[in-house]
Amino acid sequence: MKREKQSVKKMDLYEYEEKYVNKENYQSAKSVIYLVLTALGILVAIALVDFTFKAYQIYPYLGYGAGVVSLVVLVVFYVIPVAKLLNKKSFEVDVSRHNVKRAQRHNKQLRKELAQKFVDFNKTVENASWYSSEKVDALEYALLSKDDNLIKVALTDLYHTDVKKAGRKLIFDSARDVGIGSALSQNATLDTLVVATVNLKLIKDLVFLFGFRPTYPKLLKIYRNVMVNSLLAMGISNFAPGTSIANTVGGFIKSIPLLGDAVATVIDASVQGLANSITTAIIGFQTMEVLKKEYHLQNLLSDLDLGDYEENVKNLAGQLLENMKQDNSKDKKEKANAKKDVA
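Along each chain, residues carry numbers from 1 onward, in the same order as the chain's sequence is written. Restriction of local features to residues with pLDDT of at least 70 applies here, the model being predicted, together with a cutoff of 80 or more for giving and counting side-chain atom pairs; totals for whole chains, interfaces and linings are based on all residues. Values reported for side chains reflect all heavy atoms of the structure, with hydrogen atoms and water molecules removed beforehand.

A. Structural detail: the overall build of the chain. Only DSSP runs of H or I reaching four residues or more are called helices, and only runs of E reaching two or more are called strands; each is numbered from the N terminus. Helix and strand counts for the chain come out as 12 helices and 0 strands. When the helices and strands of the chain are placed in sequence order, the string is α-α-α-α-α-α-α-α-α-α-α-α. Residue contacts are counted whenever heavy atoms from the two residues lie within 4.5 Å of one another. Pairs at least 24 apart in sequence give 76% of the contacts found in the chain among residues at least 6 apart. Working note: accessible area of the chain is about 20,200 Å², and carbon and sulfur atoms make up 59% of it. Shrake-Rupley sampling with a 1.4 Å probe provides the accessible areas, and residues are treated as covered by the protein chains on show and by no other component.

Below is the structure:
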């Protein structure tokens, strides 16, 4: 028997909304992000002030030098990464019938911008190693062709290969740096400083690697985990069981895949470096998964079958307008006839 060829049915907007759209308040998420980032900034600042004060106690001029270094660290490892990340564009993936067309146009333009940025990066940055020449050549060809489908295919291939590989290297390098830094410092203040700054830089680097940032609700969850990770580095996990802070941190540790209660129960000062390293890696992989998911969702959104909803609305509006004109003309004629009858 011959198999009947079946055409691939496109997902419609209602299916997309039901399966993927989260009814999250973007404005609220954006506001809370700034609160979390402010708290992180205060945490970093406290650690730097403590570091400067201890240096000053040893020798005043050493303290002055430490103050200058602290200011540079605050700007380079906190202010700049956060500012650059928030200025990045994100894909629009949580849509409704009212804004789907605008979201598709925005995503299409962003895909084009990303492809161009990747091409320019390889051309202008010396010894650029994130993206291979072969993948970038495919992007450049797609841009010259002005074919959105080719751009999507080339971008998707780049994300599944070069970006995935470079992202994993960024994560492992950052986790290694945090582990070594924590192991060498043996100081809660320095541990907090190392974890917070390296985590923030890692998120910024991953966002620049992908070329776009997560949407605000997802970004909020990532920064919230950085906050918890930084508190963990301060030694909060050693608080007495039953306290709200200990439960919060313990819950975060227990949620780590493949580790669970094992890490939550054995963590202590002797393995602080390992714990900080692991949680940094987890945050990195969470960030990558969010970025990959949102890129996938915008691809699905670009291929949605929107049906004839807009056409029906336009036709309906035209018919209503025509009927209103006819009714208006009829009323004028009746009024004119009525005046003639009176005369």
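B. Region of the structure containing the environment of P214. With respect to the secondary-structure elements, P214 resides in the loop between α7 (188-210) and α8 (216-233). Buried residues are those whose accessible area, probed at 1.4 Å on protein chains only, stays under 20% of the maximum for their type, while exposed residues exceed 50% and partly exposed ones sit between those limits. Overall, P214 belongs to the buried group, its relative accessible area being 0%.

C. Structural context of the packing of aromatic side chains. Paired rings are identified among Phe, Tyr and Trp, the last through its six-membered ring, by centres lying within 6.5 Å, and are further divided according to the angle between planes into stacked (under 30 degrees), edge-to-face (over 60) and tilted (the rest). Per the counting criterion, the structure on display carries 15 aromatic pairs. An angle of 75° between the planes, with centres 5.5 Å apart, marks the rings of F121 and Y131 as edge-to-face. You can see F121 sitting in helix α4 (residues 100-124) and its partner Y131 sitting in the loop between α4 and α5 (133-145), a full 10 residues away along the chain. Through pairs of rings, three or more aromatic residues link up here, namely F91, F118, F121, W130, Y131, Y159, F210, F212 and Y295. A ring is scored as having a charge over it whenever the NZ atom of a lysine or the CZ atom of an arginine sits within 6 Å of its centre and within 35 degrees of its normal. Note that K204 overlies the ring of F208, its terminal NZ or CZ placed 5.8 Å from the centroid.

D. Inspection of the side chain of K204 at higher detail. The residue K204 is located in helix α7 in this model. Accessibility expressed as a relative area gives 16% for K204, which makes it buried. The residues contacting K204, other than those within four sequence positions of it, are P81 and L85.

E. Structural detail: the packing of α4 against helix α6 (residues 148-185). Running from amino to carboxyl end, α4 crosses α6 at an angle of 60°, the nearest separation of the two axes being 10 Å. Judged by the inter-axis angle, α4 sits oblique to α6. Like other packed secondary-structure pairs, α4 and α6 cross with a definite hand, here left-handed. Each of K108, R111, L114, A115 and F118 in α4 lies in contact with α6, whose residues at this interface are D148, I151, K152, L155, L158 and Y159. Axis definition: a line fit to C-alpha positions, over the contact stretch in the case of helices; interaxial angles, taken between N-to-C directions, run 0 to 180 degrees. Reported orientations rely on four angle classes, namely roughly parallel under 35 degrees, roughly antiparallel over 145, roughly perpendicular from 65 to 115, and oblique for the rest. For a crossing to be left-handed, the near helix must be turned anticlockwise from the far one by less than a right angle; the clockwise case is right-handed.

F. Focus on a nonpolar patch on the surface. Exposure above 30% relative accessible area and the lack of any salt bridge qualify a residue for a patch; like charges then connect within 9 Å, and the nonpolar side chains Val, Leu, Ile, Met, Phe, Trp and Tyr within 5 Å. Counted as salt bridges are all cases of a side-chain nitrogen of Lys or Arg within 4 Å of a carboxyl oxygen of Asp or Glu. There is a patch of nonpolar side chains on the surface, built from V68, L71, V72, V75, V76, F77, V79 and I80 and spanning about 620 Å² of accessible area. Positionally, V75 belongs in helix α3 (residues 60-86). For V75, a relative accessible area of 35% gives the class partly exposed.

G. Representation of unusual backbone geometry. Positive phi outside glycine occurs at K146, with the angle close to 55°. Within the secondary structure, K146 is located in the loop between α5 and α6. On the accessibility criterion, K146 (75% relative accessible area) is exposed.

H. The arrangement of the packing of helix α2 (residues 26-58) against α3 in detail. Between α2 and α3, the shortest axis-to-axis distance is 7 Å and the interhelical angle comes to 165°. One way to sum up the angle between α2 and α3 is to call them roughly antiparallel. The way α2 lies across α3 gives a crossing that is right-handed.

I. Looking closely at the pattern of salt bridges. Applying the stated criterion across every chain, the model contains 12 salt bridges. The shortest N-O distance in the salt bridge between D50 and K54 comes to 3.3 Å. You can see D50 and its partner K54 sitting in helix α2, 4 residues apart, about one turn around the helix. In this structure K54 comes out as partly exposed when scored by relative accessible area, which is 38%. The residue K169 makes a salt bridge to D173 at a minimum N-O spacing of 2.9 Å. With a gap of 4 residues between them, K169 and D173 both fall in helix α6, about one helical turn apart. In this structure, a network of salt bridges that share partners links the residues K169, D173, R176 and D177.

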